[in-house]
Number of protein chains: 2
Amino acid sequence: MDEKDMKILDFLITDGRKPFTEIAKELKTSESSVRKRVKKMEEEGVIKGYSVMVDTPKMGYNVVAQTGFDTNPEDFLSVAQELCKFEEVKKVFTSTGDHMIMTEIWAKDGKELSEIIFNKIGKIKGIKKVCPAIILEQLK
Amino acid sequence: MDEKDMKILDFLITDGRKPFTEIAKELKTSESSVRKRVKKMEEEGVIKGYSVMVDTPKMGYNVVAQTGFDTNPEDFLSVAQELCKFEEVKKVFTSTGDHMIMTEIWAKDGKELSEIIFNKIGKIKGIKKVCPAIILEQLK
DNA sequence: TTTGAAAATTGGCCTAA
DNA sequence: TTAGGCCAATTTTCAAA
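Residues numbered from 1 in each chain as written. Chains lettered and ligands numbered in written order. Predicted model: local features only at pLDDT ≥ 70, side-chain atom pairs only at ≥ 80, totals over all residues. Heavy atoms only, no water.

- Named according to an unreviewed UniProt entry, chain A is HTH asnC-type domain-containing protein originating from Methanococcus maripaludis OS7.

Written out as structure tokens, the structure reads:
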């Protein structure tokens, strides 16, 4: 991870499909240099993968909720692992702050979010409190 | 946005660099069909862009904090817009829940996070409270 | 949807630091 | 040993019919 690697990552963060040839041109280096650095970062795990950024409302997911979970200390890890298994739960973090477990849940509407939280996730043993915060707008 | 578009998005969410030819093969359709659908989704804004998923600690960012901000109602929008201008602030949302503004801030260590919050962001007019929650581990 | 040309990727092999 | 350069084969992209 040197300055050049960082610059390559900057380009890929902005446009993950940008061809290596173009990155090379902008960095005034060769395509093979860029390619070999990217491959190395992939192998080292600096680059975990590539993805597409979607507009959730346009995909039909009108309700995206950052949802915190409180648990008993002894259930903490199992709850986090169970949460990962739900398709609707797109991200799972452990975190300091108000809630030890933070998630991001996608739902078509409020009704569906409510069903996911109460009927599906709610069945996980050990959850003491659920705190959903609906994202209104992503500015950045 | 039909079933086929959704399947294409599923593939691209998992691997944003997956060639259209491969997606076409798995969906048993033609490459041009896939490409035209993707282009349409890009134009419609369903696809907002592509990105690389990085391992922040391996990049040298050892402290990633989901940070909430409280403001006076009249300063809410200007604070959110100012936050967007900081390079260290990678994401900005408006949200229901405990804090109207939620951000994600990347820092090399706790010292840097503290500097960002107090010396840089702290200067924004209208912020009443800052609530950083450091991400410990991303499970999904 | 098919087709063909242009561009990008991939792998191997080489040199230099 | 490691990063980068070069070349050739393959694959992917892209626009026109």
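Back to the write-up after that little detour.
Considering the protein's contact with DNA strand D
Line of reasoning, step 1. Taken together, 14 residues form the shell around DNA strand D, and within it Ser30(A), Lys36(A), Arg37(A), Lys40(A) and Arg35(B) come nearest.
Line of reasoning, step 2. Take the atoms of DNA strand D that sit within 4 Å of the protein: sugar and phosphate atoms are 55% of them.
Line of reasoning, step 3. Contact distances for DNA strand D include 3.4 Å between a phosphate oxygen and a side-chain N or O atom of Ser33(A).
Line of reasoning, step 4. Note that a phosphate oxygen of DNA strand D is positioned 2.8 Å from one of the side-chain N or O atoms of Arg37(A).
Line of reasoning, step 5. Counting residues per element, the ones that place at least two in the surface near DNA strand D are helix H3 (31-44) of chain A together with helix H2 (20-26) and helix H3 (31-44) of chain B.
Line of reasoning, step 6. If one sorts the elements of the surface near DNA strand D by residue count, H3(A) sits on top with 5 residues.
Line of reasoning, step 7. Here the surface near DNA strand D is composed, by residue class, of 2 nonpolar, 4 polar and 8 charged. (Near = heavy atom within 4 Å. Polar contact = N/O pair within 3.5 Å; in protein donor to acceptor, adjacent residues only side chain to side chain. Helix = DSSP H or I, 4+ residues; strand = E, 2+ residues; numbered from the N terminus. Nonpolar A, V, L, I, M, F, W, Y, C, P; charged D, E, K, R; others polar.)

A closer look at the relation of the copies chain A and chain B
Line of reasoning, step 1. By a simple turn and slide, chain A fits onto chain B: the slide is 0.1 Å along the axis, the RMSD is 0.2 Å, and the turn is 180°. Here the copies are linked by what is in effect a two-fold axis.
Line of reasoning, step 2. With an isologous cut-off of 70% or more, the 100% of interface residues of chain A that recur at the interface of chain B puts this contact in the isologous class. (Least-squares fit on C-alpha atoms with pLDDT ≥ 70 in both. Contact = heavy atoms within 4.5 Å.)

Focus: the pattern of salt bridges
Line of reasoning, step 1. The full count for this structure, using the stated rule, is 20 salt bridges over all chains.
Line of reasoning, step 2. Measuring nitrogen to oxygen at the nearest pair gives 3.2 Å for the salt bridge that ties Lys18(B) to Glu26(B).
Line of reasoning, step 3. The class of Glu26(B) is partly exposed, set by a relative accessible area of 48%.
Line of reasoning, step 4. A salt bridge links Arg35(B) to Glu31(B); the shortest N-O distance between them is 2.5 Å. One end of the pair, Arg35(B), and the other, Glu31(B), are both in helix H3, 4 residues apart, so they sit about a helical turn from each other.
Line of reasoning, step 5. Here Arg35(B) falls in the partly exposed class, since its relative accessible area comes to 38%.
Line of reasoning, step 6. On the accessibility criterion, Glu31(B) (30% relative accessible area) is partly exposed.
Line of reasoning, step 7. In this structure, a network of salt bridges that share partners links the residues Asp2(A), Asp5(A) and Arg37(A). (Salt bridge = Lys/Arg side-chain N within 4 Å of Asp/Glu carboxyl O. Buried < 20%, exposed > 50% of the residue type's maximum accessible area, 1.4 Å probe, protein only.)

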